[in-house]
Each structure stands twice: as structure tokens, then as C-alpha cells.
Amino acid sequence: MSQFLQALAYGVVQGGLLALIAVGFSLVWGVMNVINFSHGALAVTGAYLAWQLNLHFGLDPFLAIPIVGTALFGLGYVIQRGLINLVINAPIFLTLLLTFGLSLVILNALQLTFTADDRTIDTAYASQSFAIGVVNIPYGRLAACLLAVVITIALATVMTRTRLGQAISATGMDRGAARLMGIRARHIYAVTFGISAALAGIAGTMIATVGSFNPTTTPGQLTLDAFVISVLGGLGNMYGALVGGFVLGVAETVGGLVLTGTWVNAIAMAVLILTLIIRPSGLIGRAQFSGRVEV
């Protein structure tokens with residue numbers, strides 16, 4: 001029972017971190033109908049940037065979040081406006097190929113620059129934990145989980161209470177009508193992709209704080225988790241991504257008690273298939289947006 005409770009607690013805090021990875025992925029897929037295979041690569045880019053800030057300037061990863069988020073937002077804006085927008089009206093297969101190729105370029109550049117060695121940001125609190133009964137909860141993962149909840153609520157508030165969020169929602173729902181109302185679709189979608197990249201960078205910073213990362217194996221797993229969580233929660237649904245992250249985190253950690261080795265990786269796909277069979281629209285509801293920007 002103590003092992004089960006420990007796995008359950010770890011799954012909850014791990015699920016928050018997974019949700020932070022998936023929120024931006026879900027936003028881009030739901031609004032732009034683009035499955036961004038470079039999302040994991042962008043997250044690892046954020047992890048390397050935070051690691052460099054800590055290595056050279058001694059900056060705590062939580063204090064580095066504004067810098068990493070701003071830098072990744074700019075990178076994401078440029079990538080969408082100058083590259084992805086060129087094929088945004090093409091069949092989805094072409095956007096898949098483009099983002100996959102973009103991921104390879106980013107990861108090979110990171111590998112040439114930093115090698116393929118595992119890296120981590122050493123902090124005094126990341127390896128420490130506190131006990132609640134028989135359960136030990138790591139400070140670092142708990143902080144990352146709380147950050148995911150705060151960011152999700154903040155992003156959902158922006159989407160519903162601000163002019164920018166309403167412009168993103170309107171453009172995703174009906175691009176043509178939004179353009180008639182004076183909304184610049186190209187700019188809005190570039191901002192959306194920038195927000196997604198910023199969230200990926202922040203998630204990468206948290207990953208570097210609580211664990212290790214490298215440019216070879218980490219990005220693929222992050223993209224897979226983001227894909228599964230986005231489908232679980234409903235595309236473009238912020239709270240759905242949060243719930244999906246918790247579900248997947250608990251499923252993987254509890255499943256790890258009975259499965260070993262690479263079999264644990266199959267849990268994500270098993271959860272996805274089961275959810276699609278029982279509730280094809282997702283755990284929270286249907287996708288909020290559909291639509292693609294015109295070139």
C-alpha cells in the first residue's frame with residue numbers, strides 16, 4: 001500500500017509537469033490544426049537555455065523562466081511566420097513533415113553544440129522532499145506541478161477575458177469571419193505558435209530542474225506525451241490538457257509498479273486507445289477550435 005500511495009503521489013506531481021508540456025501543443029493543434037512534431041525539440045531548447053543561464057550566471061531555473069519564455073516566444077513567432085505559414089493551407093501531412101524536419105534540424109544543432117550527454121540543473125531543493133505520512137513528495141516536482149496549474153489557469157483566463165485570447169479563439173473558430181472583423185490571421189497564428197513555444201521552453205526548464213535531458217531521447221518522449229495528453233483532454237482545451245496530464249502521469253507511475261523496462265512506455269498509448277474507445281471527444285469535451293490560416 002505504501003508503494004502504491006508513493007506512486008500515486010509521484011504520478012500527480014509528474015502529471016502536472018506533463019500537462020505543462022502539453023498545454024502549448026494542444027493550443028497549436030486546436031487553433032491551427034497543426035501537429036507540431038518540433039514541440040519536444042523546442043522544450044529541450046528551453047532546457048539548454050536555462051542550463052546555460054544557470055551554468056554561466058548562476059541563475060535559478062525558476063528565475064530564468066521569464067528569459068527562457070521570452071526567447072522561445074520570439075523563436076516560435078519567427079518559425080511560424082517565416083516557415084510554417086508557407087504550408088499552413090497544405091494538407092496536414094505536409095505540416096507534419098515540415099515540423100518533423102524542423103525538429104531534426106533543431107536537435108542536430110543542439111547535439112553539435114552541446115553533445116548528446118545527459119545534462120541537468122543542480123539545485124539545492126530539487127532532490128529534497130517532505131513527508132506526508134508514508135509518502136515523500138519532492139519539492140522540485142511539486143513546484144513544477146503548481147507552476148503548471150497556475151500557467152494553465154492564467155492561459156485559460158487570457159483566452160476568455162482578453163482581446164488577444166478572443167482574437168485567437170475567433171480566428172480558430174472561423175478564420176474568414178475573423179479577418180472580416182479586422183483580425184490579422186497571420187499575426188494571431190504566429191502569436192499562438194509563440195505562446196506554445198514559450199510554454200514548451202518553460203516546461204523544458206522544469207524538466208532540467210527535476211531530471212536530466214539530452215537532444216536524442218528526451219524530445220521524442222515529450223512530443224509523444226504531449227500528443228497523447230492533447231487527445232485525452234480535447235484539442236485547444238486548456239483545462240483538458242491539465243486533466244489529461246494528471247491522468248497520464250498517474251497511469252504511467254502506477255503502471256510502473258507492475259510493468260518494467262520499455263513496457264511502461266506502452267501505457268501512454270494504451271490510455272489513449274482506451275479513452276478514444278470510451279470517450280472519443282476527450283475527457284473534458286470536444287476541440288474548441290478548427291481552422292487554418294491563409295497564406
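What counts as what
Residues numbered from 1 in each chain as written. Predicted model: local features only at pLDDT ≥ 70, side-chain atom pairs only at ≥ 80, totals over all residues. Heavy atoms only, no water. Helix = DSSP H or I, 4+ residues; strand = E, 2+ residues; numbered from the N terminus. Rg over C-alpha atoms; globule rule 2.2 N^0.38 Å. Buried < 20%, exposed > 50% of the residue type's maximum accessible area, 1.4 Å probe, protein only. Core = buried A, V, L, I, M, F, W, Y, C linked by side-chain atoms within 4.5 Å. Contact = heavy atoms within 4.5 Å. Pairing = 2+ DSSP bridges. Phe/Tyr/Trp six-rings, centres within 6.5 Å; stacked < 30°, edge-to-face > 60°. Axes fitted to C-alpha atoms, helices over the stretch in contact; angles between N-to-C directions. Left-handed = near helix turned anticlockwise from the far one by under 90°. Nonpolar A, V, L, I, M, F, W, Y, C, P; charged D, E, K, R; others polar.

Asks: How should I be thinking about the overall build of the chain in this particular structure?
Replies: Secondary structure assignment for the chain yields eleven helices and two strands. Compactness check: the chain gives a C-alpha radius of gyration of 19 Å against a globular reference of 19 Å for 295 residues, within 12% of the reference. Taking the principal axes of its C-alpha atoms as reference, the chain extends roughly 60 × 50 × 35 Å. A burial count over the chain gives 52% of its 295 residues as buried.

Asks: Would you mind showing me how to read the nonpolar core here?
Replies: A general trend in soluble globular proteins is that nonpolar side chains are found buried together. Within the largest apolar cluster, 75 residues are counted, with the highest numbers of intra-cluster contacts made by Leu20, Met32, Leu42 and Phe213. Here the element with the most residues in this core is helix H8 (residues 185-210); it accounts for 14 residues. Excluding residues within four positions of it along the chain, Phe213 makes contact with Val44, Ala47, Tyr48, Trp51, Asp117, Asp118, Arg119, Thr120, Ile207, Ala208 and Thr218. Residues Val13, Val135, Ile137 and Cys145 belong to the second largest nonpolar core, which totals five residues.

Asks: Would you take a moment to explain the pairing of strand E2 (residues 135-138) for this structure?
Replies: Remember that side chains alternate between the two faces of the sheet whenever the strand is regular. Pairing between strand E1 (residues 129-132) and E2: four bridges, direction antiparallel. Bridge pairing links Phe130 to Ile137 in E2. The loop that links E1 with its antiparallel partner E2 comprises two residues; one of these, Gly133, has a positive phi angle of about 70°.

Asks: How should the side chain of His39 be read in this particular structure?
Replies: By the secondary structure assignment, His39 is in helix H2 (residues 39-57). Not counting residues up to four positions away in its chain, the partners in contact with His39 are Ile21, Gly24, Phe25, Ser196, Ala200, Thr223 and Ala226.

Asks: Quick question: what am I supposed to make of the packing of aromatic side chains here?
Replies: The relative placement of two aromatic rings is captured by the distance of their centres and the angle of their planes. Enumeration over the complete set of coordinates arrives at nine aromatic pairs. Taken together, a centroid distance of 5.9 Å and an interplanar angle of 80° make the contact between Phe25 and Trp29 edge-to-face. Of the two residues, Phe25 and Trp29 are both situated in helix H1 (residues 2-32); the distance of four residues between them amounts to about one turn of the helix. Since its relative accessible area comes to 1%, Phe25 is described here as buried. What makes Trp29 buried here is its relative accessible area of 11%. Measuring from ring centre to ring centre gives 5.3 Å for Phe130 and Tyr139, while their planes differ by 40°; the resulting arrangement is tilted. Given the relative accessible area of 37%, Tyr139 is considered partly exposed.

Asks: Even after reading the chapter, I still don't get the packing of H1 against helix H5 (residues 139-161), so can you show me in this structure?
Replies: Angle between the axes and distance between the axes: these two values describe a pair of packed helices. Contact geometry of H1 with H5 gives a least axis separation of 8 Å together with a crossing angle of 35°. As H1 packs across H5, the resulting crossing turns out to be left-handed. Between H1 and H5, the contacting residues are Tyr10, Val12, Val13, Gln14, Gly16, Leu17, Leu20, Val23 and Leu27 on the first element and Arg141, Leu142, Ala144, Cys145, Leu147, Ala148, Ile151, Thr152, Leu155 and Met159 on the second. The residue inventory of the contact of H1 with H5, partitioned by class, reads 15 nonpolar, three polar and one charged.

Asks: What exactly am I supposed to notice about the environment of Gly165 here?
Replies: Summarising the element assignment, Gly165 is placed in helix H6 (residues 163-173). On the basis of relative accessibility, which here comes to 0%, the residue Gly165 falls in the buried class. Along the primary structure Gly165 and Arg175 are separated by ten residues, whereas in three dimensions their C-alpha atoms are 14 Å apart. Residues contacting Gly165, with those up to four places away along its chain left out, are Val158 and Met159.

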